[in-house]
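# Tertiary structure, described
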Amino acid sequence: MTARLAQHGTIRLERCYKAAPARVFAAWAEPKARAQWDVPGRWVIAEQTFDFREGGRELKRFGPKDDPRFVADTLYLDIVPQRRIVFSYSMTSRGEPVSVSLTTVEMSPDGAGTRLLLIEQVVFLDGKDNQANREEGLASMLDKIGESLPQTPPSSRA
Amino acid sequence: MTERSTKHATFTIERTFAAPPARVFAAYADVSSKARWFVGPEGWEKSNLRLDFKVGGHESVSGGPPGGPVHTYNAIYQDIVPDERIVLTYEMHLDKTRISVSLGTTEFKPAGSGTRLVYTEQAVFLDGHDDAGSREQGTGGLFDQLARFVEMQ
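These remarks concern the structure in this document.

Between chain A and chain B, the contact holds 22 residues from the first and 22 residues from the second. When residues of the side of chain A that touches chain B are traced back to their parent elements, those giving at least two are β1 (6-17), β4 (70-80), β5 (84-93), β6 (96-110) and β7 (113-125) of chain A. Of the residues forming the side of chain A that touches chain B, the biggest block, five residues, is contributed by β6(A). For the side of chain A that touches chain B, the per-class residue count stands at 11 nonpolar, six polar and five charged.

The next subject is the pairing of strand β6 (residues 85-94) of chain B. All names here are of chain B. With respect to burial, β6 is a largely interior element, eight of its 10 residues being buried. Where strand β5 (residues 71-81) lies against β6, 10 bridges are found, and the strand directions are antiparallel. Bridge pairing in β6 places I76 opposite T89. Linking β5 back to β6 in an antiparallel pair, the connection comprises three residues, with D83 at a positive phi of about 65°. As paired strands, β6 and strand β7 (residues 97-111) are joined by 10 bridges and run antiparallel to one another. Bridge pairing in β7 links V87 to T105. In sequence, β6 turns back onto β7 through a hairpin of two residues, with D95 there showing a positive phi of about 50°.

Residues other than glycine predominantly adopt negative phi, and peptide bonds predominantly adopt the trans conformation. A positive phi is found at A:R94, a non-glycine position, where the angle reads about 50°. Here the phi dihedral of B:D127 falls at roughly 55°; this positive angle occurs in a residue that is not glycine. Note on placement: B:D127 falls in the loop between β8 (114-126) and α3 (132-152).

Residue and element names in this part refer to chain B. Two elements in contact, helix α1 (residues 21-29) and α3, have axes whose closest approach is 10 Å; the angle formed by their N-to-C orientations is 120°. The pairing of α1 with α3 is recorded here as oblique in orientation. Classified by chirality, the crossing of α3 by α1 is right-handed. In this structure, α1 contributes R23, V24 and A27 to the contact, and α3 contributes L146, F149 and V150. Considered class by class, the residues forming the contact of α1 with α3 number five nonpolar, no polar and one charged.

What follows is about the environment of A:K144. Residues and elements named next belong to chain A. Note that K144 resides in helix α3 (residues 131-148). The exposure class of K144 is partly exposed, given the 17 C-beta atoms found within 10 Å. Apart from residues lying up to four places away in sequence, K144 is in contact with Q36 and W37.

Residue and element names in this part refer to chain A. Read from one edge of the open sheet, seven strands run β1-β7-β6-β5-β4-β3-β2, paired in antiparallel fashion. Of all strands in the sheet, those bounded by a partner on one side alone are β1 and β2 (44-48). Mean inter-strand twist for the sheet, computed between neighbouring axes without regard to direction, equals 25°. With 10 bridges connecting them, β5 and β6 associate as antiparallel partners. Paired with S90 across the strands is V100, a residue of β6.

Rules used in this analysis
Residues numbered from 1 in each chain as written. Chains lettered and ligands numbered in written order. Predicted model: local features only at pLDDT ≥ 70, side-chain atom pairs only at ≥ 80, totals over all residues. Contact = placed C-beta atoms within 7 Å. Helix = DSSP H or I, 4+ residues; strand = E, 2+ residues; numbered from the N terminus. Nonpolar A, V, L, I, M, F, W, Y, C, P; charged D, E, K, R; others polar. Buried ≥ 20, exposed ≤ 12 C-beta atoms within 10 Å, placed from the backbone. Pairing = 2+ DSSP bridges. Axes fitted to C-alpha atoms, helices over the stretch in contact; angles between N-to-C directions. Parallel < 35°, antiparallel > 145°, perpendicular 65-115°, else oblique. Left-handed = near helix turned anticlockwise from the far one by under 90°.

Below, the structure written as structure tokens:
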């Protein structure tokens, strides 16, 4: 029998990007843009559906290249274009619960660029993951967003 | 234009009930049982509770003071372990305005012949609506109603 465990945590990450909020928002909203960064480190996405709208649900199967065993089941709860995205996602590994998260992404103008704040409220289930590991994964994805964005701030493109 | 803001908060409520975990869990899983205790304060107008108690299933109920704003609760079940755990996310609307989104974990643990229930809510309050203090108080009122329901069975 599985020992049942629920460990709660909150992860807070901040990044400043040299791209306008509209571009940063598009990195989440547009399937092609999101596919460039939506998995940590060198992991791969084996399958992914897109439905970016309030009430929309997405499924993503991902993980190490030789064993993409994780499934994220995402539901978009609140979307304010260029400002805010609130979504939940449950994560399972071969059908076993790993975690459930409530994630808030806020974007605000920062000069010609964007300040992004990500707050993930999460419950890790049955010891299958932990806060340090999740934070490392999220940080990796936020860094990849930065690498995927055009580096020229809008003010210098006359 | 609406001023946009978010406020994140976490609170935990613990209660011990004089009823075994299976009976307390059943008060969540069965729609006619849940409708008995998962209701707003005395005097509120109420809608029918809709409950599809399975992972991915939805739940909704609304109510409010006569002539006042309608409070609407919409939940989705994220993880269910019978007699042990329920994880859901829910949003609250006040009339047409979404005021919060929450992740709620309910754990049911044996305590002698009764149950220790631990409820943890991780919430984000939107655009200055509601706050963790009043949410915690309102949720505590629901557990008072749950205690009366499971202990009189």
